[in-house]
Amino acid sequence: MRRRASLVLLALAVFCAALAPLLRWYAYPRLAKIPPNQYQEMVLEAKDATLLDYTGGMQPKKVDKVTIVQTLKGNVDASKEIEASAGKDVVVWDTLSYIIGPDGKMVSQIPERYIFDAHTQDPVHATGEMVDGDPVKREGIEFKWPFFTEPRDYLYFDAQTRTSSPIHYVGPRTFKGMAVYYFEQTVPWTKVAMPKKMPIEGIDPSTIEAATGTTLWYTVKARFWVDPVTGAPVNAEQDIQQEMRGGIAAGGPDGKLTAFAGHVTMRQDYSDYTVDLVRSNRTKVLALHTYAPIGLAAGGLVLLGAALWLEARGRRVSA
């Protein structure tokens, strides 16, 4: 009986030893991916901001709050269509940033289509990739860092300028009890396109520069607190400034008019929800990547030791 039990334990030890690397280096790279049907809503606020009063004399004024509602919706049909030609798992996110003034009315809205590899988060270039209706070709990441983010700089895409530049790793931080990586990116003053949706009746934003000589300029300092396991930001803050420059609207060739200036942060309830969601997903990723493989390897060693012990004991009794 001891001999038979030792053989069973030995077989289980071999099974665990074989399953551990299989789970880590075969199953994990295939199973750890962003789902194509993800839906998420986020509310951000800029309190005590400066906002251009488009209907009250085109002058900037201090307001109590500007609200930005960001929605993200996975487009499953578009993902399947692109996957057929790309030959890999692809995620398509249709996002919308809807900016609301203190009176509850729309200030602007900017849609995006972001296409990326479900496993690595690298951009995938395909028809439909755009920002505010303008075709773009992203380089680097946007919205999400890769699984098991490294403590280094990354290339990050800024939707306003339609360009990518380094986002710098600053160091480790703790946010609401979570160990995270902190990143910063500063985009210098850059001329950008007018939003296609603005609160100006009867005016086509695409013709403003040609008709009035006025251009829109933008700068931002962006900060992200990123969970290194899932690559998901648990907090984001942005110091954004926008100016109308030159032409009729800004009062002459050298004129400048603040269109928006504010410190944008997540609303507290959405921040708490994001942290809870990331904690839950972090556990799932670690279970697949670390906990299960190590547990199986350790279990295999224990079973091997038990098998050898039973075999040695059986031989002593027989002798």
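Residues numbered from 1 in each chain as written. Predicted model: local features only at pLDDT ≥ 70, side-chain atom pairs only at ≥ 80, totals over all residues. Heavy atoms only, no water.

What to know about helix α2 (residues 76-86)
And step 1. Along α2, the residues that are buried comprise Ala78, Ser79 and Ile82. Projected down its long axis, α2 shows its buried positions confined to an angular sector of 100°, all on one face. In α2, the exposed positions that point more than 90 degrees away from the buried face belong to Asp77, Lys80, Glu81 and Ala84.
And step 2. In the core, the buried residues of α2 are packed alongside β3 (90-100) and β4 (106-117).
And step 3. Immediately beyond the C-terminal end of α2, within one or two residues, lies Gly87, with a positive phi of roughly 75°. (Buried < 20%, exposed > 50% of the residue type's maximum accessible area, 1.4 Å probe, protein only. Helix = DSSP H or I, 4+ residues; strand = E, 2+ residues; numbered from the N terminus. Arc of directions from axis to C-beta. Contact = heavy atoms within 4.5 Å.)

Description of the packing of aromatic side chains
And step 1. In this structure the tally under the stated criterion is 15 aromatic pairs.
And step 2. Where Phe175 meets Trp225, the ring centres are 6.3 Å apart and the plane angle is 35°; that geometry is what we call tilted. Linking Phe175 in strand β8 (residues 163-175) with Trp225 in strand β10 (residues 215-226), this pair joins segments that are 50 residues apart in sequence.
And step 3. Under the relative-accessibility criterion, Phe175 is labelled buried at 15%.
And step 4. Residue Trp225 is classed as buried on the basis of its relative accessible area, which comes to 13%. (Phe/Tyr/Trp six-rings, centres within 6.5 Å; stacked < 30°, edge-to-face > 60°.)

Comments concerning the pattern of salt bridges
And step 1. Scanning all chains against the criterion turns up 17 salt bridges.
And step 2. Lys65 is the salt-bridge partner of Glu45, the closest N and O atoms lying 3.6 Å from each other. Here Glu45, found in strand β1 (residues 39-53), pairs with Lys65, found in strand β2 (residues 59-74); they are 20 residues apart in sequence, far enough to count as distant.
And step 3. Judged by its relative accessible area of 33%, Lys65 is partly exposed.
And step 4. With a shortest N-O distance of 2.7 Å, Arg138 and Glu142 are connected by a salt bridge. Of the two residues examined, Arg138 and Glu142, each falls in the buried class. (Salt bridge = Lys/Arg side-chain N within 4 Å of Asp/Glu carboxyl O.)

Some thoughts on the side chain of Arg245
And step 1. Along the chain, the position of Arg245 falls in strand β11 (residues 233-245).
And step 2. In this structure Arg245 comes out as buried when scored by relative accessible area, which is 19%.
And step 3. Of the polar contacts made by the side chain of Arg245, one reaches the side chain of Glu243; its length is 3.0 Å. (Polar contact = N/O pair within 3.5 Å; in protein donor to acceptor, adjacent residues only side chain to side chain.)

So, the sheet that holds β8
And step 1. The antiparallel open sheet is built from twelve strands, whose spatial order is β6-β5-β4-β3-β2-β1-β12-β11-β10-β9-β8-β7. A strand with exactly one partner marks an edge of an open sheet, and here the two such strands are β6 (134-135) and β7 (154-158).
And step 2. In terms of strand pairing, β3 meets β4 through eleven bridges, oriented antiparallel. The partner of Leu96 across the bridge, within β4, is Pro111.
And step 3. In the packing of α2 onto the sheet, contacts are made with β2, β3 and β4, and the angle to β3 comes to roughly 140°. (Pairing = 2+ DSSP bridges. Axes fitted to C-alpha atoms, helices over the stretch in contact; angles between N-to-C directions.)

Topic: the environment of Gln38
And step 1. Along the polypeptide, Gln38 turns up in the loop between α1 (2-31) and β1.
And step 2. Here Gln38 falls in the partly exposed class, since its relative accessible area comes to 22%.
And step 3. Placed 27 residues apart in sequence, Gln38 and Ala11 show a C-alpha to C-alpha distance of 41 Å.
And step 4. Residues within four places of Gln38 in sequence aside, it is in contact with Leu72, Lys73, Gly74 and Trp93.
And step 5. Within the structure, the side chain of Gln38 is placed 3.2 Å from the side chain of Gln40, a separation counted as a polar contact.

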